[in-house]
Every structure is written in structure tokens, then in C-alpha cells.
Amino acid sequence: MPQQRFPKIEILSIAPHAISFILSETDTSMANSLRRIMIAEVPTLAIDLVEYSENSSVLNDEYIAHRLGLIPIRFVQEGSVKGGDCNLSFLPHRECVCYDRCPRCSVELELDVNFDKVNPTRPDQERDLFLTVTSKDLLSNNIYVSPAHFLNEEEQDRSHDEGISIVKLGPGQHLKLKAIARMGISKEHAKWCPVAVATYRFWPIITINEEACNMLTLEQKQELVDACPDRILELDEITGNLVAVENAYEMATFTEDLKMTQNAMKKRPEDDDFVTVEHSTDRFVFSVETTGAMDAEEVLMSALKVLKDKLTYLATEVEKLKD
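The following paragraphs examine the structure supplied in this document.

Cut-offs and rules
- Residues numbered from 1 in each chain as written.
- Predicted model: local features only at pLDDT ≥ 70, side-chain atom pairs only at ≥ 80, totals over all residues.
- Heavy atoms only, no water.
- 1 Å grid on protein atoms, 1.4 Å probe; cavity = no way out; pocket = protein on both sides within 12 Å on 5 of 7 lines; lining within 4 Å.
- Points joined across faces, edges and corners; volume = space filled by probe spheres on them.
- Helix = DSSP H or I, 4+ residues; strand = E, 2+ residues; numbered from the N terminus.
- Nonpolar A, V, L, I, M, F, W, Y, C, P; charged D, E, K, R; others polar.
- Buried < 20%, exposed > 50% of the residue type's maximum accessible area, 1.4 Å probe, protein only.
- Salt bridge = Lys/Arg side-chain N within 4 Å of Asp/Glu carboxyl O.
- Axes fitted to C-alpha atoms, helices over the stretch in contact; angles between N-to-C directions.
- Parallel < 35°, antiparallel > 145°, perpendicular 65-115°, else oblique.
- Left-handed = near helix turned anticlockwise from the far one by under 90°.
- Contact = heavy atoms within 4.5 Å.

Things to note about the layout of surface pockets
Here is step 1 of the chain: In this model, the largest pocket occupies a volume close to 530 Å³.
Here is step 2 of the chain: What lines the largest pocket is a set of 20 residues, and nearest its centre among them are Pro43, Asn87, Pro92, Met183 and Ile185.
Here is step 3 of the chain: At the level of secondary structure, the elements contributing two or more residues to the lining of the largest pocket comprise strand S10 (174-184) and helix H9 (296-322).
Here is step 4 of the chain: It is H9 that provides the largest number of residues to the lining of the largest pocket, a total of four residues.
Here is step 5 of the chain: In the lining of the largest pocket, the residues fall into seven nonpolar, four polar and nine charged.
Here is step 6 of the chain: Counted as a void, the second largest pocket has a volume near 380 Å³.
Here is step 7 of the chain: As for the second largest pocket, its lining consists of 16 residues, of which Arg122, Glu126, Leu131, Thr132 and Asp161 are closest to the centre.
Here is step 8 of the chain: Ranked by the residues each element gives to the lining of the second largest pocket, the list is headed by strand S6 (residues 131-134), at four residues.
Here is step 9 of the chain: In the lining of the second largest pocket, the residues fall into six nonpolar, three polar and seven charged.

Regarding unusual backbone geometry
Here is step 1 of the chain: One non-glycine residue with positive phi stands out, namely Glu25, at about 60°.
Here is step 2 of the chain: Structurally, the position occupied by Glu25 is in the loop between strand S2 (18-24) and helix H1 (28-40).
Here is step 3 of the chain: The exposure class assigned to Glu25 is partly exposed, which follows from its relative accessible area of 35%.
Here is step 4 of the chain: Even without a glycine there, the phi angle at Arg231 is positive, about 55°.
Here is step 5 of the chain: Of note, Arg231 is situated in the loop between helix H6 (218-227) and strand S12 (233-235).
Here is step 6 of the chain: Residue class for Arg231 comes out partly exposed when judged on its relative accessible area of 43%.

A look at the pattern of salt bridges
Here is step 1 of the chain: Evaluation of the coordinates by the stated rule reveals 21 salt bridges.
Here is step 2 of the chain: With a closest N to O distance of 2.9 Å, Glu41 and Lys310 form a salt bridge. With Glu41 in the loop between H1 and strand S3 (44-55) and Lys310 in helix H9, this residue pair connects regions lying 269 residues apart in the sequence.
Here is step 3 of the chain: Owing to a relative accessible area of 36%, Lys310 belongs among the partly exposed residues under this scheme.

Remarks on the packing of H6 against helix H8 (residues 257-265)
Here is step 1 of the chain: In contact at an axis separation of 8 Å, H6 and H8 are set at 155° when each is read in the N-to-C sense. When the axis of H6 is compared with that of H8, the two are roughly antiparallel. Of the two elements, H6 crosses H8, and the hand of that crossing is right-handed. Of H8, the residues touching H6 (which contributes Gln220, Glu223, Leu224 and Ala227) are Asp257, Leu258, Thr261, Gln262 and Met265.
Here is step 2 of the chain: The class makeup of the residues in the contact of H6 with H8 is four nonpolar, three polar and two charged.

Remarks on empty space enclosed by the protein
Here is step 1 of the chain: Summed over the entire model, instances satisfying the criterion amount to one cavity of 30 Å³ or more.
Here is step 2 of the chain: Put simply, the largest cavity is a space of about 40 Å³.
Here is step 3 of the chain: If you trace the largest cavity, you find it lined by Pro43, Thr44, Leu45, Ile73, Arg74, Phe75, Gly84, Cys86, Ala293 and Met294.
Here is step 4 of the chain: For the lining of the largest cavity, the element with the highest residue contribution is strand S4 (residues 73-75), accounting for three residues.
Here is step 5 of the chain: Tallied by class, residues from the lining of the largest cavity come to seven nonpolar, two polar and one charged.

Structure below.
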């Protein structure tokens, strides 16, 4: 019978738009399952249907609809400031019993920008410039749902616009539309993906053979340090011994450069390596960055819920087969 495992998560750093954590006491199958769920099966809101009343801009309807679909839509629960899981507040459109749409399965966002009406209200130095229509112009009929205009305050400070650019309007141009946001998952379309980055790497196991290293000169030890392009080794200033740097897990790339340098230093090919760098088989470092639709912490929690539900369903089906 396989040995029962109890996976653990250790948070390294956390911010609204990014999270880094260690998943341990499990294997690559579980690590990759969690990664794939964060990418493809965490439900979010995204614009799925656009109804145009007028579009005299330089972009055609389909092009603007595509740009609208890729704007992250953020759901914030009552009493919270985090972009959260919308799964308990909305139904998938295909599962709702309504005829077309209703507040239970969709959110309406309206946009109405007329260059000739807006331009007189702009500063004098901007009136000769094109008017940029952004996500700020999308008005939601649900107070808990709105576009995620920026990922963080730093991005907002660097931006020249008030939100995500949709199209530019000139004199005599007008854009009026109604966008319908629905809940879905990225397995159906990438616009529902809550993450921009979701990766993991193996935790490095760095073993330094002290007995073999004592036979090396200080110059040879420095040569081993310099041989690592990822700079995972350093010399102790007091003892002169080889040691792994504090944040080696962030930089280890498991290159062959160190191996080749050691082989050149050995008296015999069969001698033990001075330093070995191996992949851990049960410890993984995750890096996750969101699109802004959800906070990074909420993406992780939602992915764990989806994974738990899948395992529960599998266990139930296996029990049925036994019966």
C-alpha cells in the first residue's frame, strides 16, 4: 500500500498580485496538478458578449470585442477589498435557468464615449489629441464587480492612461456598447485565466563534500564558485570553506558547468564530487502572478478547493466500483 502523504505549503512572499510558496512532502504529479488548476480551472468573470449601439471608431466590432474580453474583471465580496472567488456568487451561464441572462449568471457593463461631448471638458493642451477609451469607462450594474484597471499602485503610477486602453477616438467618433460578463474557466477560453504566470521549480539539494574540499586550494575553491553561472556557492570569509548562499533555491538552474569544472580538478574520474546539486523530488518552489482579476492568495485557495473537489469525486467513484 502506498505511503500516505501530508502535503504542506510554506509562504515565502505574498502580495495582492503575486505569491511565492513552497509545496513540500508531495511529488511532481500533485505539484503539476495544482499548477494546471490555477491556470485552467479557477473560475473568474470575463466579458463574453458585446452588444453594440454605435461604433464609428477605427476598429471594427470584433476587434473591440476581443480587447474587451481580455480585460480582467474583478469580483470583490461585500466587506472585503480582495479580488475573490466568484464561484459561490454566480452560476455558469449554461447552468442558469434564466432565458437569456440574469443577475445570477451575468453582469452588465455599459460604455458610452462620444469624442465631441467629452473633448470640451478636457484640458486645453489635450484637446488636439485623440481621446483614449479605457476600462475606466466601463460602468458595471453590480457594485461588487468592476474591471481591474491596474495590477498594483506602481503600475498605475507608471501608466499614461486611467485604465486599460480599448480604442482611441477622434473628432466625430462615438462608441456605445453593452458588455455582458459571465463566469467561466480558462479551459474553455484564455480570457478566464486568473494568472499571468504560474510556474514551479524543483528545490535544490546542495551537498558539499567537506572532506574532498579540504584537499583543494583556496584558488581551486574560488574557481568552483566562479564556475556556477547561477552563483549558488560562496567562500566563507572566516573559514575559507565552500558554502551555499542563503537564497540558493531562487537561483539554482542545475547547469553542467560546475560538474565539468569538478571533473577537471579530480585526480581520478571515479573520485567523489566536491559539490553536488540535485533536484528534490518532494519539494517545489511556486511563483504565481495574477492578471488582476483575483488576488494571488485567492487564486491559490480557489485552486486548492477545485483540487479537493476533484479528489473527493474520484474517491466517491472508486467506492461505487467497489460496491
